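These are the residues of each chain, in order.
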Amino acid sequence: MRAFTAIVNPAAGGSASASCLMPLGRLLREAGAELDVEYSRGMEHAAAVARAAAGAGRVVLGVGGDGMVGCVGGALVGMDGAGADAVFGIVPAGRGNDFARQLGVPSGAAELAPLLLDGEPRAVDAIEANGTPVLGSVYAGVDAVANDNANRTRLLRGSAAYYVGALRAIATWRHADYLITVDGERHRREGYTVVAANSGYYGFGKHIAPDARVDDGLLDVVLIRKAPRTLFFSVMRELEKGTHVRRPEVEVMRGREVRIELAGPPGRTLPYGADGELPGVLPVTARVLPGALRVLAP
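All values derive from a computational prediction rather than experimental measurement.

Visitor: Can you help me understand the overall build of the protein chain in this one?
Guide: When helices and strands are counted, the protein chain shows 8 helices and 15 strands. Its C-alpha atoms give the protein chain a radius of gyration of 19 Å, near enough to 19 Å, the size a compact globule of 298 residues would have. Along the first, second and third principal axes, the C-alpha atoms of the protein chain reach 60 × 40 × 35 Å. Per-residue burial over the protein chain gives 55% buried out of 298 residues. Taking as baseline every contact in the protein chain between residues at least 6 positions apart, the subset at least 24 positions apart corresponds to 75%. Summed over all atoms, the accessible surface of the protein chain reaches about 12,800 Å², with 50% contributed by carbon and sulfur. For the protein chain, the separation between the mean place of its 32 positive charges and that of its 32 negative charges on side chains is 7 Å.

Take a look at the structure:
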């Protein structure tokens, strides 16, 4: 019988993480499994707990949204020694849950418990972005600016903050002059954003890279090129179903290593995002790590 360590983000989803773990924990314990619960005091603390639990042979559960899932899962990527066989489980409890959506991980306790108890670990790819493990995607453009705006908002929270942040980002956007290098081949483009995607979903369920797979050893690079703002809003509406990739303004490339940088003008900076977090500003190099994480998923 498996032993679990659940690492909870108490703030995710308006404190939904802690409450959703209760029925799941009851089912796991009733089945005879051991479950320890650790509440995160921050990303570094969560990563340290994850590595220690994996080193002790326990299944590590990331309980929260994509930020927490990316942090906990990323901590298990590339572990040496006993942690090399680390097994990761996802308990979707945030607002986006995009990596769980890509993997088909259920959110209901009754469906999730059997998967965690009896499921076979599945090897999936991860990303190394400027040396940091990332699970879902790395993106640089109006979406990262929107994320930054949302983080700075004091009066709004969650999806409302992101929506208002996105409107501000689009209203003030100046097209970025990107230099994108995919497996050594350079492409210079003007546009709204570049996304290097392992998972097809990001930004609260937007299907940015509908053909992306987490086990193909490749990143899907999606570029939304320069276009009028009115057309950009049309593209945004199509992101839910992934039909935006049919538009000529959207370009898709694939590769194992992607570098995104600004070609100009001098002095301009642009943040990049990764699994809902904002690690820094361009340039960023994203490299796929094939089969780097063993996760309990359908």
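Visitor: In this structure, what is going on with the packing of aromatic side chains? I would like to understand it.
Guide: To describe a pair of aromatic rings, you give the distance between the ring centres and the angle between the ring planes. This model, assessed by the stated rule, comprises 1 aromatic pair. Where Tyr139 meets Tyr202, the ring centres are 5.3 Å apart and the plane angle is 80°; that geometry is what we call edge-to-face. Of this pair, Tyr139 sits in strand E7 (residues 137–141) while Tyr202 sits in the loop between strand E9 (185–197) and strand E10 (219–225), and the two are 63 residues apart along the sequence. Positioned above the aromatic ring of Tyr201, the side-chain terminus of Arg101 is 5.6 Å from the ring centre. The positively charged end of Arg268 is found above the aromatic ring belonging to Trp173, 5.2 Å away from the centroid.

Visitor: Would you explain the pattern of salt bridges in this entry?
Guide: Pairing between side chains of opposite charge can happen when the charged atoms of each approach one another. Counted by the stated rule, this structure contains 13 salt bridges. Close ionic contact of Arg287 with Glu128 constitutes a salt bridge, the shortest N to O distance being 2.8 Å. You can see Arg287 sitting in strand E15 (residues 284–296) and its partner Glu128 sitting in strand E5 (residues 121–129), a full 159 residues away along the chain. Assessed through its relative accessible area of 26%, Glu128 is described here as partly exposed.

Visitor: So what exactly am I meant to see when it comes to the pairing of strand E3 (residues 59–64) here?
Guide: Successive residues of a regular strand alternate their side chains across the two faces of the sheet. In terms of burial, E3 is largely enclosed, as 6 of its 6 residues are buried. By the alternation rule, side chains of E3 split into Val59, Leu61 and Val63 and Val60, Gly62 and Gly64, which are all buried. As paired elements, strand E1 (residues 3–8) and E3 share 5 bridges and run parallel to each other. Paired with Ala6 across the bridge in E3 is Leu61. Sheet topology places E3 next to strand E4 (residues 88–92); 5 bridges connect them, and they run parallel. Of the residues in E4, the one forming a bridge with Val63 is Val91.

Each value, and the rule that gives it
Within any chain, residue numbers begin from 1 and follow the written order of that chain's sequence. Where totals are concerned, whole chains, interfaces and linings use all residues; where local detail is concerned, this predicted model gives features only for residues with pLDDT of at least 70, and gives and counts side-chain atom pairs only at 80 or more. Note that the side-chain values use all heavy atoms of the structure and ignore hydrogens as well as water. Secondary structure elements follow DSSP: runs of H or I of four or more residues count as helices, runs of E of two or more count as strands, with numbering from the N terminus. Based on C-alpha atoms, the radius of gyration is set beside the globule rule, defined as 2.2 Å times the residue count to the power 0.38. The buried label goes to any residue with under 20% of its type's maximum accessible area, the exposed label to any with over 50%, and the partly exposed label to all in between, with areas taken from a 1.4 Å probe on protein chains only. By definition, residues are in contact when any of their heavy atoms lie within 4.5 Å. Using a 1.4 Å probe, the Shrake-Rupley method yields the accessible areas, and only the shown protein chains count as cover for residues. As used throughout, the charge tally considers Lys and Arg to be positive and Asp and Glu to be negative, leaving His and the chain termini uncounted. Just so you know, the charge point we use is NZ for Lys, CZ for Arg, CG for Asp and CD for Glu. Between the rings of Phe, Tyr and Trp (Trp by its six-membered ring), a pair exists once the centres lie within 6.5 Å; its type follows the angle of the planes, with under 30 degrees stacked, over 60 edge-to-face, and the other angles tilted. Two conditions define a charge located above a ring, namely a distance within 6 Å from the ring centre to NZ of Lys or CZ of Arg, and an angle within 35 degrees of the ring normal. A carboxyl oxygen of Asp or Glu within 4 Å of a side-chain nitrogen of Lys or Arg is what we treat as a salt bridge. Note on pairing: two strands pair once DSSP finds at least 2 bridges between them.

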